[in-house]
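Read off the chains here:
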Amino acid sequence: MSTNTTLHDTTDAGQASTNGTTTTVDVAVVGAGFAGLYLTHRLRQMGISSLGFDVADNVGGTWYWNRYPGARCDVESIDYSYSFDPELDAEWKWSERYATQPEILTYLNHVADRFDLRRNFRFETRVEKAIWNESSKRWILTTSDGDDIDCRYYVMATGCLSVPKQPDITGAERFAGETYSTGRWPHEGVDFTGKRVAVIGTGSSAIQSIPHIAAQATELTVFQRTPNFSIPAHNGPPVPDKVAEIAADRAGYRERARWSRAGVPLEASEVSALTVTLEERNAAYEKAWNTGGLFSLSTQFNDLGTNKAANDTVSDFIREKIAGVVDNPETAAKLSPYSYPFGTKRPCLDDNYYAVYNQPHVELVELRAEPITTITEKGVDTSDRSVEVDALVYATGFDAMTGALVSVDITGRDGLTLAEKWSAGPKTYLGLTTVDFPNLFMITGPGSPSVLSNMIVSIEQHVDWICDTLAHMTASGFELIEPTSAAEEAWGLHVNDFAGLTLFPQANSWYMGANVPGKPRVFLPYVGGVDGYRRICDEVVERDYLGFKLAGDNREQLNDGVVRELQPDVTIMLELIAELGMPPLESLPVAEARALSDAGKDMRPPGPDVGEIVDGTFPGAVGDLDYRLYRPTSPDQGADDQRGIVVYYHGGGWVLGDATSDDPLCRDLCDRTGAIVISVDYRHAPEAVFPAASDDALAALAWVRANAEELGGSADRIAVAGWSAGANLAAVVAQQVRGDGQPPLRGQALLTPVTDGTTVRPSMNDNADGLMLTKSLMDWFWDQYTDKAQRSDPLVSPLLADDLGGLPPAVVVTCQFDPLRDEGNAYAQAMAAAGNEVEHSVARGHIHTSVPAVDALPTGAVHRETIAAALTRFLA
Ligand code: N01
């Protein structure tokens, strides 16, 4: 076969051609584990030639190497198996709920035999280097046997936990006894009978192997740096109910797994752990504990992964279990994790792990109290003692997710190496591809659900996506694919934004790269779920490879763009609201629109507690109006012991809402600033049209100024604030009271303000639909409140005032996907240009209604803090 092998070379499907020391092939694959085997099978089915490489002498990947005693899968084997071939799936019977390593390896060998996959692999061969050749548009790989591989596509199917972490302990090389690493266990096994053994590490590998080592060794010393949460596996035969469920509808079960959150069909709770009684909670945990399994405890409530207080309840439950099993209370305390929330480091599944410490020949050394000073010829020295041993077992984990990818010296375009590109953390598009490395694919790479999911489901999804992409490219005359920088950058932000919604970043885990000294601390997997992620990958294809450049001899396609730009919690909220199927407000009579808008108040979180809430009335421009005052609990920061006051105007397009409608936001502002917040009502349109609202807004300020001391605040320290139409009123008031002889306003805080009734700016059309505040709703608000002729009046369009000088300092927050974004931005810029002090930020990924959604949308908090910090400064 010549170098111009085509993708549809079905006559020689799956075969590479060799010429001297260069082998030419369409796809080179590194790794003969679950991913490499399935990829090879699919490529052969498609008639695409492939050649795989593995350092091992046979298939198996991570299951080839991890042969330590007790090694098992921690996802039930029925789930942790291929689904691509229904006959294979139906025929294979697992003997245990959690298969042992030998059984999983037997399964992979069976798959390799059944589909005759080994002939596409070179074993005992390491890919050492890979260099992109820009002129031939091909990868050139150098292998340990001296051959070069010339390939169009290069796929790293190298697994996420395949490169053991080097022992980073002083003196490791000095030890004269037997040394083992759980991740590279001898094939012939190890007999510890009659030996003194040390195990360093207490992750999954240690927790699985320790009971087995203890059963043989005369003395076992376990060196623990961080205790782990471990759950009983309750291993046994496969769970009969589950076996029956799958047998009844195998295809349906597998499909549910593909569209589940973790790659395993599970019932998700919709209940917060904090809304049930202690008894109900513990009954749920007890049942889960007795069921066993990785997901049993974590799925009992919906907020264990996102709310620390909720998480404390399950963490306490496990700590009590540990105390109940381990006889010595001091040892139990050492085994109890406190430094991170449950689930933020991968929990372990065990078989009588904690009970091992009741055996007299097993000792736990807590390294936080007595660190290892050095390994010696005879054993381990800590700050307090020397422990002599015959054998030393390193169960110290892996350079996870990126280690295997950068262990090959991969050089992309312009001499850039992958290690250099990722020196501050991995950058990928979808965890599948990376800019400047065309035609390189990663299976379950960083930025994909990978290790947070059932790996087999995620592997199959990636292999299918890659193969379908190759088929599309061939059919369309493309032979080069590479993500765009914008798509990659935005994907990184999205992955990070999602992780930030969870407790994961609170742990120093291998998920964060924190277990390897010097590795950047970045959350590596994608936490948005197998289902959400699959939807995104499918959408990228449906939108014609959004975020990718494709090229062939005669054509090019650049479809730059970002697949997920909204903050993940905003997306979830929009999906939930869409499910409610509410009519557009502007399609309703005003009274019904108000009723519908008010109904939402009961569904939202209440916001933080404040010291005191007082409801009352004040004289508006033509009659009494309501106010609600929020008094903080925090001590006053003011020099004269009187608090600053924020006069707050609610949102609602001059039509909806009242003094209580932004209650959570007012509580939040009060709590964050320590100021008194007074939410004042104003008359609404269409009953009271322009300029009724701004007249009342001015009257409210006058009343607060006149009664500041009585209200507990200072007339010298007043700021105005508002959201949306309320921010419009705050801006108007700030202009109107310039130089009125009263103490000047200390500041103005404008959240997504309406500023200009005459101009349609790009954001009004870009964000016209579907994001809560729509263009048609905004038009409706304007029509209720003003005649078209009135809309250039600065009393409703503050941006159009002739003079913007001499205004109080301002903080302006606008939202990226808000129809009002550009007029808010323009007002901030115009105020700054007129010489005012202005702090302006654009809330990335937010919509008009998301920043006020206190406690419902955690990603809005940072922007509320921006406003609160500015107000605090203004009022100081
Ligand atoms: O590795 P780990 P693992 N001095 O990183 C400690 C999968 N897996 O091989 O936490 C002293 O979890 C380290 O301490 P600390 C599974 O996803 C699955 O056990 O960094 N101690 C930790 O205690 C799992 O999560 C299965 O403070 C040192 C331990 O070594 C992942 O693989 C079975 C140290 C490493 O724990 C990794 O598990 C096995 C030092 N210098 C693995 N360096 C199943 O399917 C590290 N440690 C069941």
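All residue numbers refer to position in the chain's written sequence, counted from 1. Totals for whole chains, interfaces and linings use every residue, but because this is a predicted model, local features are given only for residues with pLDDT of at least 70 and side-chain atom pairs only at 80 or more, for both listing and counting. Note that water and hydrogens are dropped before the side-chain values are worked out from all heavy atoms of the structure.

**Quick look at the overall build of the chain**
Link 1 in the chain: Secondary structure elements are defined from DSSP: runs of H or I of at least 4 residues count as helices, runs of E of at least 2 residues count as strands, and each element is numbered from the N terminus. Secondary structure assignment for the chain yields 25 helices and 30 strands.
Link 2 in the chain: Only C-alpha atoms enter the radius of gyration, while the globule expectation follows 2.2 Å times N to the 0.38, with N the number of residues. At 32 Å, the chain has a C-alpha radius of gyration in line with the 29 Å of a compact globule built from 876 residues.
Link 3 in the chain: By its C-alpha atoms, the chain is 90 × 75 × 55 Å across when sized along the principal axes.
Link 4 in the chain: Residue burial is assigned from relative accessible area. The probe radius is 1.4 Å, only protein chains are included, and a residue is buried under 20% of its type maximum, exposed over 50%, and partly exposed in between. Burial analysis of the chain (876 residues in total) assigns 59% to the buried set.
Link 5 in the chain: Sequence-distant contacts, at least 24 apart, represent 74% of the contacts inside the chain between residues at least 6 apart.
Link 6 in the chain: Charge separation in the chain, taken as the distance between the mean sites of 70 positive and 120 negative side-chain charges, equals 3 Å. Whether two residues touch is decided by their heavy atoms; if any such pair falls within 4.5 Å, the residues are in contact. In this tally, Asp and Glu contribute negative charge and Lys and Arg positive charge; neither His nor the terminal groups of the chain are included. Lysine's charge is taken at NZ, arginine's at CZ, aspartate's at CG and glutamate's at CD.

**Examining the environment of His187**
Link 1 in the chain: Inspection of the secondary structure assignment puts His187 in the loop between strand E8 (178-181) and strand E9 (196-200).
Link 2 in the chain: As for His187 and Tyr68, which are separated by 119 residues in sequence, their C-alpha atoms are 9.1 Å apart.
Link 3 in the chain: The contacts of His187, once residues within four sequence positions are left out, are Tyr64 and Arg67.
Link 4 in the chain: Nitrogen and oxygen atoms within 3.5 Å of one another constitute a polar contact, given that in protein one can donate a hydrogen and the other can accept it, and given that sequence-neighbouring residues count only through two side-chain atoms. Separated by 3.2 Å, the side chains of His187 and Arg67 make a polar contact.

**A word on a nonpolar patch on the surface**
Link 1 in the chain: On the surface, Leu580, Met582 and Met603 cluster together to form a nonpolar patch covering roughly 340 Å² of accessible area.
Link 2 in the chain: The residue Met582 is located in the loop between helix H16 (568-580) and helix H17 (590-599) in this model.
Link 3 in the chain: On the basis of relative accessible area, Met582 is assigned to the partly exposed category, the value being 43%. Patch membership requires more than 30% relative accessible area and the absence of a salt bridge. Residues of like charge join within 9 Å; the nonpolar side chains Val, Leu, Ile, Met, Phe, Trp and Tyr join within 5 Å. Working definition of accessibility: Shrake-Rupley area with a 1.4 Å probe, residue cover restricted to the visible protein chains. Whenever Lys or Arg places a side-chain nitrogen within 4 Å of a carboxyl oxygen from Asp or Glu, that contact is recorded as a salt bridge.

**Let's talk about the pattern of salt bridges**
Link 1 in the chain: Following the criterion strictly, the structure yields 54 salt bridges and no others.
Link 2 in the chain: When the shortest N-O distance is used, the salt bridge between Arg413 and Asp436 registers 3.4 Å. Here Asp436 lies in the loop between helix H12 (418-421) and strand E19 (440-442) and Arg413 lies in the loop between strand E18 (409-411) and H12, a separation of 23 residues in the sequence.
Link 3 in the chain: For Arg413, a relative accessible area of 17% translates into the label buried.
Link 4 in the chain: Two residues, Asp668 and Arg864, come together in a salt bridge whose shortest N-O distance is 3.0 Å. Taken together, the positions of Asp668 in helix H18 (residues 663-673) and Arg864 in helix H25 (residues 861-875) put the pair 196 residues apart, joining distant regions of the chain. Grouping residues by exposure puts Asp668 and Arg864 together as buried.
Link 5 in the chain: By sharing partners, the salt bridges in this structure join Glu134, Lys137, Arg413, Asp436 and Glu482 into a single network.

**With respect to the state of the cysteines**
Link 1 in the chain: A pair of sulfur atoms, both from cysteines and within 2.5 Å, is called a disulfide here. Per the counting criterion, the structure on display carries 0 disulfides.
Link 2 in the chain: In this model Cys666 remains outside any disulfide bridge; the closest cysteine sulfur is found in Cys670, 9.0 Å from its own.
Link 3 in the chain: We classify Cys670 as buried; its relative accessible area is 0%.

**Some thoughts on the packing of helix H13 (residues 455-476) against helix H15 (residues 530-542)**
Link 1 in the chain: Each axis is a line fitted through C-alpha atoms, and for a helix only the stretch in contact is used; angles between axes span 0 to 180 degrees, taken between their N-to-C directions. Relative to each other, H13 and H15 sit at 0°, their axes nearing to 12 Å. Accordingly, the angle class assigned to the pair H13 and H15 is roughly parallel. Across the interface between the two elements, Val457, Ser458, Gln461, His462 and Trp465 of H13 pack against Val530, Tyr533, Arg534, Cys537, Val540 and Val541 of H15.
Link 2 in the chain: Residues belonging to the contact of H13 with H15 are distributed by class as follows: 7 nonpolar, 3 polar and 1 charged. Note on terminology: angles under 35 degrees are roughly parallel, angles over 145 are roughly antiparallel, angles of 65 to 115 are roughly perpendicular, and the others are oblique. Only Asp, Glu, Lys and Arg are considered charged, only Ala, Val, Leu, Ile, Met, Phe, Trp, Tyr, Cys and Pro nonpolar, and every remaining residue, Gly among them, polar.

**Examining the site of the ligand**
Link 1 in the chain: Working definition: residue near molecule or strand if any one of its non-hydrogen atoms lies within 4 Å of it. The full set close to the ligand counts 26 residues, and Asp168, Ser205, Gln208, Thr226 and Lys345 are the nearest of them.
Link 2 in the chain: In the model, an oxygen atom of the ligand is placed 3.1 Å from a nitrogen or oxygen of the Trp510 side chain.
Link 3 in the chain: With 3 residues, the top contributor of residues to the shell around the ligand is helix H5 (residues 204-216).

**Considerations on the sheet that holds strand E29 (residues 810-815)**
As a general point, the strands of a sheet are linked pairwise by backbone hydrogen bonds and lie either parallel or antiparallel.
Link 1 in the chain: Read from one edge to the other, the open sheet built from 8 strands follows the order E23-E24-E26-E25-E27-E28-E29-E30, with strand pairing classed as mixed. Either end of the sheet is taken by a strand with one partner, and the two such strands are strand E23 (612-619) and strand E30 (838-843). With direction set aside, neighbouring strand axes in the sheet form an average angle of 20°.
Link 2 in the chain: At least two DSSP bridges between two strands are required for those strands to pair. Bridging between E23 and strand E24 (residues 624-631) involves 8 bridges; their strand directions are antiparallel. Paired with Pro619 across the strands is Asp624, a residue of E24.
Link 3 in the chain: Along the sheet face, H18 touches E23, E24, strand E25 (643-649), strand E26 (676-680), strand E27 (713-723) and strand E28 (747-751) and points at about 45° away from the line of E24.
Link 4 in the chain: Of the strands in this sheet, E25, E27, E28, E29 and E30 touch H25, which is tilted by about 170° from E29.

**What to know about the confidence of the model for the chain**
Link 1 in the chain: Per-residue confidence from the predictor is reported as pLDDT, a score between 0 and 100. Confidence along the chain averages 95 in pLDDT terms, with 97% of residues attaining 70 or more.
Link 2 in the chain: Contacts of residues 1-13 to residues separated by more than four positions or lying in other chains number 30 contacts, the stretch itself having pLDDT below 50.

**Section: the packing of aromatic side chains**
The geometry of an aromatic ring pair is captured by the separation of the ring centres together with the interplanar angle, meaning the angle of the planes.
Link 1 in the chain: In this scheme Phe, Tyr and Trp rings, the latter by its six-membered ring, pair at centre separations within 6.5 Å, and the angle between planes marks the pair as stacked below 30 degrees, edge-to-face above 60, and tilted otherwise. Scanning all chains against the criterion turns up 45 aromatic pairs.
Link 2 in the chain: When the ring of Phe34 is compared with that of Tyr80, the centres are 5.4 Å apart and the planes differ by 75°; the resulting orientation is edge-to-face. Residue Phe34 is found in helix H1 (residues 34-46), and its partner Tyr80 is found in the loop between helix H2 (62-65) and helix H3 (86-91); the two are separated by 46 residues along the sequence. Note on accessibility: Phe34 and Tyr80 belong to one class, buried.
Link 3 in the chain: Seen in terms of ring centroids, Phe121 and Phe123 are 5.7 Å apart; in terms of plane orientation they differ by 20°. Their pairing is stacked. Considered together, Phe121 and Phe123 belong to a single accessibility category, that of buried residues.
Link 4 in the chain: Taken together, Phe34, Tyr38, Trp63, Tyr80, Tyr82, Phe84, Trp92, Trp94, Tyr107 and Phe115 form an aromatic cluster joined through their ring pairs.

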